[in-house]
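# Fold and contact review
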Amino acid sequence: MSMHKKNLLFYSLFACLFVFYISACTRTHHSGIVPGAVWYDTEGNPINAHGGGIMYHDGVYYWYGEYKGDSTYLLDWVKTWECWRADAGGISCYSSKDLVNWSFEGIVLPTVPQDTQSDLHPSQVIERPKVIFNDKTKKFVMWMHIESPDYEKAHAGVAISDSPTGLFTYLGSFKPNGGDSRDQTIFKDDDGRAYQIYASEWNNTLYIGLLNDEYTQHTGVYTRNFINQSREAPAVFKHRGRYYLISSGCTGWDPNIAECAVADSMLGEWRVIGNPCIGEGADSTYNAQSTFVFPIAGRDGQFVAMFDRWNKTNLIDSRYVWLPLIFEKDKPVIEWNKEWTLN
Ligand code: GAL
């Protein structure tokens, strides 16, 4: 082989190895969950899915969340509270089979920048999306908190899709049962009934409303809970036939103490059983706020509790605090853990 050909071979080999090295570096693999750290997706980008929820479908976990714009600003014309916000970027979706490594599936509910009147215009607020699957209609149904920039609108928004990864079609927003709907979640029970749980009456009282068979509207059947106790950020889960609801107090982006309540039915009486968090940082919910609790597939009595550690002056950099939730007798317990694995 001539010297020229040898050189060419050497340089091509070197170039291949270099490309392989760079692509290996940009693909991120995690072995555990590190609450409060920047969490990178499989492409090496920080996960942008705040106030989120998980849907488990056909062996895959889907994480839906608020895709926040990258600059945070204070709305100085809002005089009643410190209204820090970032432009809405729609609702993002990530998928995973191991709950640790997440692939970006894209923006499944995009904003509508060309229509300043749309609920989905980037200047508006789109928060706390949650998705459930309707076994009858075969649709994936998303509920979310839709707001005006000053948070005075208090609407619930609904979108549907044929696929978990979208695109979702936006059906519009409204005041459920005629009242406010701010922080919210949805819960699908084993009997196929679904409920929206939402902060109403200026966040003073938490409502639980039964949804229709399609999960796209309310039936008009609802209960008022924790009256005048200002509970928000609700997360509902079920264990051994009983229902549990974790919520936060109402202090804007700042953390406060969590509280858990239990009931024998979703529309029944809720009894407060105290703070589920224990250990370091338990009184401020580990400097975070609840958003969702879900069962780990195939593990009886083992759940993951999801919280948001808001960074109000740089909202896109708000972190995810995910911790194991287990049961001690009948009481759910969450303990701080700086790094953990599903084992
Ligand atoms: C919190 C709420 C967040 C966000 C924030 C705005 O109380 O839980 O989702 O709406 O207020 O300040």
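To start, this report covers the structure provided alongside it.

Rules and cut-offs
- Residues numbered from 1 in each chain as written.
- Predicted model: local features only at pLDDT ≥ 70, side-chain atom pairs only at ≥ 80, totals over all residues.
- Heavy atoms only, no water.
- Salt bridge = Lys/Arg side-chain N within 4 Å of Asp/Glu carboxyl O.
- Helix = DSSP H or I, 4+ residues; strand = E, 2+ residues; numbered from the N terminus.
- Buried < 20%, exposed > 50% of the residue type's maximum accessible area, 1.4 Å probe, protein only.
- Near = heavy atom within 4 Å.
- Polar contact = N/O pair within 3.5 Å; in protein donor to acceptor, adjacent residues only side chain to side chain.
- Areas by Shrake-Rupley, 256 points an atom, 1.4 Å probe, with all protein chains shown as cover.
- Disulfide = S-S within 2.5 Å.
- Pairing = 2+ DSSP bridges.
- Axes fitted to C-alpha atoms, helices over the stretch in contact; angles between N-to-C directions.
- Contact = heavy atoms within 4.5 Å.
- Core = buried A, V, L, I, M, F, W, Y, C linked by side-chain atoms within 4.5 Å.

Let us look at the pattern of salt bridges. Evaluated as defined, the whole model comprises 18 salt bridges. We note a salt bridge from Glu 147 to Arg 182, for which the minimum N-O separation is 3.3 Å. Placement of Glu 147 in strand E6 (residues 139–147) and of Arg 182 in the loop between strand E8 (169–174) and strand E9 (184–188) is noted, with a sequence separation of 35 residues between them. Comparing Glu 147 with Arg 182 shows no difference in burial state: the two are buried.

With that out of the way, let us pick up the site of the ligand. Trp 81, Glu 127, Arg 128, Tyr 151, Asp 183, Glu 232, Gly 252, Trp 253 and Gln 289 make up every residue found near the ligand. One of the side-chain nitrogen or oxygen atoms of Asp 183 is found 2.5 Å away from an oxygen atom of the ligand. The protein chains hide 95% of the 310 Å² of surface that the ligand would expose on its own.

Turning our attention to the state of the cysteines. Counted by the stated rule, this structure contains zero disulfides. Of the cysteine sulfurs around Cys 260, a residue in no disulfide, the closest is that of Cys 277, at 9.5 Å. A relative accessible area of 1% means that Cys 260 is categorised as buried. Overall, the relative accessible area of 5% leaves Cys 277 in the buried class.

Within the open sheet, the four strands sit side by side as E9-E10-E11-E12. Their pairing is antiparallel. Each edge of the open sheet is held by one strand with a lone partner, namely E9 and strand E12 (218–225). Sheet twist, expressed as the average angle between the axes of neighbouring strands with direction ignored, equals 25 degrees. Judged from the five bridges that link them, E9 and strand E10 (residues 194–200) form a sheet pairing that is antiparallel. Across the sheet, residue Phe 187 finds its bridge partner in E10, namely Tyr 195.

Another point: the environment of Val 304. Structurally, the position occupied by Val 304 is in strand E19 (residues 303–309). With a relative accessible area of 1%, Val 304 lands in the buried category. Between the C-alpha atoms of Val 304 and Cys 93, which are 211 residues apart in sequence, the distance is 18 Å.

Structurally, Thr 72 can be placed in strand E2 (residues 60–74). One polar contact links the side chain of Thr 72 to the main-chain amide nitrogen of Leu 315, over a distance of 2.8 Å. Ignoring sequence-local partners within four residues, the contact set of Thr 72 consists of Trp 84, Arg 85, Ala 86, Lys 312, Thr 313, Asn 314, Leu 315 and Ile 316.

Counting 39 residues, the largest nonpolar core has Ile 54, Trp 63, Trp 102, Phe 294, Trp 322, Leu 325 and Ile 334 as the members making the most contacts within it. Put simply, the parts of the chain that give this core at least two residues each are E2, strand E13 (232–239), strand E14 (242–248), strand E15 (259–263), strand E18 (289–295), E19 and strand E20 (319–328). Tallying contributions element by element places E20 first for this core, with six residues.

Residue Leu 167 follows Gly 166 across a cis peptide bond; omega there is -5 degrees. Here the phi dihedral of Ala 233 falls at roughly 50 degrees; this positive angle occurs in a residue that is not glycine. In this structure, Ala 233 sits in strand E13. One non-glycine residue, Asn 287, lies in the positive phi region at around 60 degrees. On the secondary structure map, Asn 287 appears in the loop between strand E17 (277–278) and E18. Under the relative-accessibility criterion, Asn 287 is labelled partly exposed at 38%.

Any functional reading would require information that these geometric values do not contain.
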